[in-house]
Amino acid sequence: MSEQKAAGMTRRAIFEQKQRRRATLIAASSTAIVVLALVVLIPMAPGWEKVQKSFFNGAVLAKSFPKLLEAFKINIMIFAWSAPAIAVLGLLIALARDAKSPALFPLRIFGAAFTDVFRGVPVILTVYLIGFGIPGLGLPRPWNSPYIWGSLALILTYSAYVAEIFRSGIDSVHHSQRAAALSLGLSERQAMRDVILPQAVRNVVPSQMNMLIALQKDVSLLSFIGPVEIFRQAGVFKSLLANFTPYVGAAIIFLIVTIPATRYADYLMARQTRERR
Amino acid sequence: MAKLELRHVIKRFGDVTVCDGIDLDVEAGQLVCLIGASGAGKSTLLRCINLLEPIDEGEIFLDGQDIAVPALDPQTVRARIGIVFQNFNLFPHMTALENAMLAPRRVRGLTRAALLPEVEALFDRFGLADRMQNYPDQLSGGQQQRVAIVRALAMRPEVMLFDEITSALDPQLVGEVLDVLLLLKQQGMTMVMATHEMGFARQAANKVCFLKDGKVIEEANPTRLFDHPQHSDTQAFLSRALK
Ligand SMILES: Nc1ncnc2c1ncn2[C@@H]1O[C@H](COP(=O)(O)OP(=O)(O)OP(=O)(O)O)[C@@H](O)[C@H]1O
Ligand SMILES: [Mg+2]
């Protein structure tokens, strides 16, 4: 007590430090109790040995992991070309839906129909319909590739969501910004491009990050129409080794990518909330 | 012919008539102050002159040309008439310098390099030379408002409109912004200003107009309007405002 006073701490600071220590202690002990319970109780379950062998088999994991990583490259590839296409298409749809000129009225209708349809259908259905349907037309190589049409299905679905997020971003820019831009003699288009869009995009970066994370996971849906990406590869190992551990391996690989990305998106979101205050 | 002439300007929002037949002459190089209670229609009138709001009836002449013709492209008119708002409305994602250069680049079609000397001179003249590279949130309210004025001036407007530009400022920052207006007046700028700063209006205006319910109730030179208001509404407003 006296030593804290000597360090120049106020009464309030001392009190708050005590509170913090107490909180840390409680958090640490409750976590310890939960972990202990899991470690002790789960192995006591009657089926634990079986589950351990078929889901958490170290030898199988070691054997399948390199191949799984290899297959994950395909996920990354599909993600890498879909994401920019989604950003561009999503932005275009958002702008089309907000178009004011009467000549662009058909574009507005199209934009609205587009977002309604692709947000209304489960992703897997879109993947099936486009991924099997279009190559079914008997197109010549390489135009019958499931990579192309599967990616297109993802691009269409995700653009619909991303467009709505961009639109909420445009709405979030105060109308006085548009008035200020117009009052200087800028046209509506210039005001949108130079003043409103840059702020709108910045406002929705965290939400769009979350869309990217969801996309990264949904790339696996393409496994249903052909590409041997990580989920399909894990399935191959499962049949081969009669063991589920490869699925756990695939999950680990996903988490290595998505957890940091999720944390980063949350950080951006929190920072933005702070700035707004 | 005055630089700016308003003839029987009527502006309605739904069934509310916010500007109710306003006539106003602003001679070149003059400063006209609009005073009146909150809701009198001062801001709306300024936004109408700048064509940010279309008027329902009447004419607005700039150098004898009617700029309120509905078919007219408002862009060319707005480039000739600058407006500064109460809340600055700077673009937060751009530096002060980029704020000032955006419109001249896009509308006057000049490059950054071609504009720089001219815009730098403006920042310099208004004591902002060392603030050009700052973003709006790094500036004080008074500095932000002066940047907003510089931004409007960079379009080389013939007329400037000011809408209560000191109302959002801390009292000690009001002076630096009003000084800018005095400087502009010296340089012969034609200006219309909505304000609650009665002291400034009395000192600097060529003409003061008292607005109530969208009408010009009384207009006169400042000495007459402040010292010998003719209309009972003006007297009532001033006795409250000058207390
Ligand atoms: N976009 C709008 N839609 C509907 N009514 C409006 C709109 N803008 C202004 N008004 C109304 O017009 C009237 C005049 O408003 P205005 O802002 O011009 O007054 P003012 O004299 O500038 O007041 P203040 O001193 O508070 O700024 C008010 O009653 C206001 O509610
Ligand atoms: Mg106002």
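Model, not experiment: these values are computed from the prediction.

**Re the overall build of chain B**
Then, number 1: Within chain B one finds 9 helices and 10 strands.
Then, number 2: Taking 18 Å as the expected radius of gyration for a compact globule of 243 residues, we find that chain B reaches 18 Å, a close match to that expectation.
Then, number 3: Considered along the principal axes of its C-alpha atoms, chain B spans approximately 55 × 45 × 35 Å.
Then, number 4: Looking at chain B as a whole, 53% of its 243 residues are labelled buried.
Then, number 5: For chain B, restricting intrachain contacts to residue pairs at least 6 apart in sequence, the fraction spanning at least 24 positions comes to 63%.

**Brief notes about the pairing of strand S3 (residues 31-35) of chain B**
Residues and elements named next belong to chain B.
Then, number 1: Most of S3 sits out of view: 5 of its 5 residues are buried.
Then, number 2: Going residue by residue along S3, you find Leu31, Cys33 and Ile35 tucked away on one face and Val32 and Leu34 tucked away on the opposite face as well.
Then, number 3: Examined bridge by bridge, S3 and strand S8 (residues 190-194) share 4 bridges and lie parallel to one another. If you follow Leu31 over to S8, its bridge partner there is Met191.
Then, number 4: Here 4 bridges tie S3 to strand S9 (residues 207-212), and the two strands are oriented parallel to one another. Its bridge partner being in S9, Val32 is matched across the sheet by Lys207.

**Quick notes on the interface of chain B and chain A**
Then, number 1: Taken together, the 22 residues of chain B in the interface contact 18 residues of chain A.
Then, number 2: Roughly 1600 Å² is buried in total at the junction of chain B and chain A, and carbon and sulfur atoms are behind 62% of that figure.
Then, number 3: On the chain B side of the interface with chain A, the three residues burying the most area are Phe91, His93 and Arg106 of chain B, jointly 33% of the side's total.
Then, number 4: Asp194 of chain A is the partner of Arg106 of chain B in a salt bridge, and the nearest nitrogen-oxygen pair spans 2.6 Å.
Then, number 5: Taken together, chain B and chain A are joined by 4 residue pairs in polar contact (both at pLDDT 80 or more).
Then, number 6: Mapped by element, the contributors of at least two residues to the side of chain B that touches chain A are helix H2 (74-80), strand S6 (81-84), helix H3 (96-107) and helix H5 (141-153) of chain B.
Then, number 7: Among the elements that line the side of chain B that touches chain A, the one with the most residues is H3 of chain B, at 4 residues.

**Comments concerning the side chain of Lys3 of chain B**
Residues and elements named next belong to chain B.
Then, number 1: Mapped onto the elements of the fold, Lys3 is located in the segment before strand S1 (4-13).
Then, number 2: At 3.0 Å, the side chain of Lys3 forms a polar contact with the side chain of Glu158.
Then, number 3: In this structure Lys3 touches Val26, Glu27, Ala28, Phe61, Leu62, Asp63, Glu158, Val159 and Thr190, once residues within four positions along its chain are discounted.

**A word on the site of ligand 1**
Residues and elements named next belong to chain B.
Then, number 1: Residues in contact with ligand 1, as listed here, are Phe13, Val18, Ala37, Ser38, Gly39, Ala40, Gly41, Lys42, Ser43, Thr44, Glu164 and His196.
Then, number 2: A distance of 2.8 Å separates an oxygen atom of ligand 1 from a polar atom in the backbone of Gly39.
Then, number 3: Ser43 places a polar side-chain atom, nitrogen or oxygen, 2.6 Å from an oxygen atom of ligand 1.
Then, number 4: The protein chains hide 57% of the 630 Å² of surface that ligand 1 would expose on its own.
Then, number 5: Sort the elements by how many residues they give to the shell around ligand 1 and helix H1 (residues 42-49) lands first, with 3 residues.
Then, number 6: Of the residues belonging to the shell around ligand 1, the class tally is 4 nonpolar, 6 polar and 2 charged.

**Side note on the packing of H5 of chain B against helix H6 (residues 171-186) of chain B**
Residue and element names in this part refer to chain B.
Then, number 1: Where H5 contacts H6, the two axes come as close as 8 Å, and the packing angle between them is 20°. Relative to H6, the element H5 is oriented roughly parallel. Both H5 and H6 take part in a crossing whose hand is right-handed. Contacts between H5 and H6 involve Gly141, Gly142, Gln143, Gln145, Arg146, Ile149 and Leu153 on the former and, on the latter, Leu173, Glu176, Val177, Val180 and Leu184.
Then, number 2: A breakdown of the residues in the contact of H5 with H6 according to their chemical character gives 6 nonpolar, 4 polar and 2 charged.

**What to know about the nonpolar core**
All names here are of chain B.
Then, number 1: Counting 51 residues, the largest nonpolar core has Ile35, Phe123, Ile149, Met160, Phe162 and Leu184 as its most contacted members.
Then, number 2: Top contributing element to this core by residue count: H6, with 7 residues.
Then, number 3: Each of two domains, domain 1 (1-80 + 161-243) and domain 2 (92-156), supplies a minimum of three residues to this core.
Then, number 4: Here Ile149 is in contact with Val84, Met160, Phe162, Ile165, Val177, Val180 and Leu184, once residues within four sequence places are set aside.
Then, number 5: Formed by 50 residues, the second largest nonpolar core is a distinct cluster that contains Ile67, Phe85, Ala194 and Cys209.

**Section: the environment of Asn89 of chain B**
Then, number 1: As for its placement among the helices and strands, Asn89 of chain B is situated in the loop between S6 and H3.
Then, number 2: Along the primary structure Asn89 of chain B and Gln144 of chain B are separated by 55 residues, whereas in three dimensions their C-alpha atoms are 9.0 Å apart.
Then, number 3: Beyond its immediate chain neighbours, meaning those up to four positions away, Asn89 of chain B contacts Ser176, Gln177 and Ala180 of chain A together with Arg151 of chain B.

**A short note on the sheet that holds strand S10 (residues 215-220) of chain B**
Residue and element names in this part refer to chain B.
Then, number 1: As summarised here, the arrangement of the 6 strands in space is S6-S7-S8-S3-S9-S10, forming an open sheet in which the pairing is mixed. Two strands close off the open sheet at either side, each with one partner strand: S6 and S10. Pairs of neighbouring strands in the sheet enclose a mean axial angle of 20°, with direction left out of account.
Then, number 2: Across 5 bridges, S9 lies against S10 in antiparallel orientation. Residue pairing across strands places Cys209 opposite Glu219, the latter belonging to S10.
Then, number 3: Seen against the sheet, H6 touches S3, strand S7 (159-163) and S8 and runs at an angle of roughly 150° to S8.

**Quick look at helix H8 (residues 175-183) of chain A**
Then, number 1: Burial analysis of H8 of chain A places 7 of its 9 residues in the buried class, which makes it a mostly covered element.
Then, number 2: Within H8 of chain A, the full set of buried residues consists of Ser176, Gln177, Ala179, Ala180, Ala181, Leu182 and Ser183 of chain A.
Then, number 3: On its buried side, H8 of chain A packs onto helix H9 (188-203) of chain A together with H1, H2, S6 and H5 of chain B.
Then, number 4: At the exit of H8 of chain A stands Gly185 of chain A, carrying a positive phi of roughly 100°.

**Concerning the domain arrangement of chain A**
Then, number 1: Segmenting chain A into domains produces domain 1 (2-44) and domain 2 (57-276).
Then, number 2: Of note, the centres of domain 1 of chain A and domain 2 of chain A, computed from C-alpha atoms alone, are 41 Å apart.

**Focus: helix H9 (residues 232-241) of chain B**
Residues and elements named next belong to chain B.
Then, number 1: Within the span of H9, buried status applies to Thr234, Phe237 and Leu238. The arc enclosing the buried residues of H9, seen along the axis, measures out at 95°, which places them on a common side.
Then, number 2: Among the structural elements, S3, helix H7 (198-204), S9, S10 and helix H8 (222-227) are those in contact with the buried residues of H9.

Cut-offs and rules
- Residues numbered from 1 in each chain as written.
- Chains lettered and ligands numbered in written order.
- Predicted model: local features only at pLDDT ≥ 70, side-chain atom pairs only at ≥ 80, totals over all residues.
- Heavy atoms only, no water.
- Helix = DSSP H or I, 4+ residues; strand = E, 2+ residues; numbered from the N terminus.
- Rg over C-alpha atoms; globule rule 2.2 N^0.38 Å.
- Buried < 20%, exposed > 50% of the residue type's maximum accessible area, 1.4 Å probe, protein only.
- Contact = heavy atoms within 4.5 Å.
- Pairing = 2+ DSSP bridges.
- Buried area = accessible area lost by both parts, 1.4 Å probe.
- Salt bridge = Lys/Arg side-chain N within 4 Å of Asp/Glu carboxyl O.
- Polar contact = N/O pair within 3.5 Å; in protein donor to acceptor, adjacent residues only side chain to side chain.
- Near = heavy atom within 4 Å.
- Areas by Shrake-Rupley, 256 points an atom, 1.4 Å probe, with all protein chains shown as cover.
- Nonpolar A, V, L, I, M, F, W, Y, C, P; charged D, E, K, R; others polar.
- Axes fitted to C-alpha atoms, helices over the stretch in contact; angles between N-to-C directions.
- Parallel < 35°, antiparallel > 145°, perpendicular 65-115°, else oblique.
- Left-handed = near helix turned anticlockwise from the far one by under 90°.
- Core = buried A, V, L, I, M, F, W, Y, C linked by side-chain atoms within 4.5 Å.
- Domains from an automatic or database assignment.
- Arc of directions from axis to C-beta.

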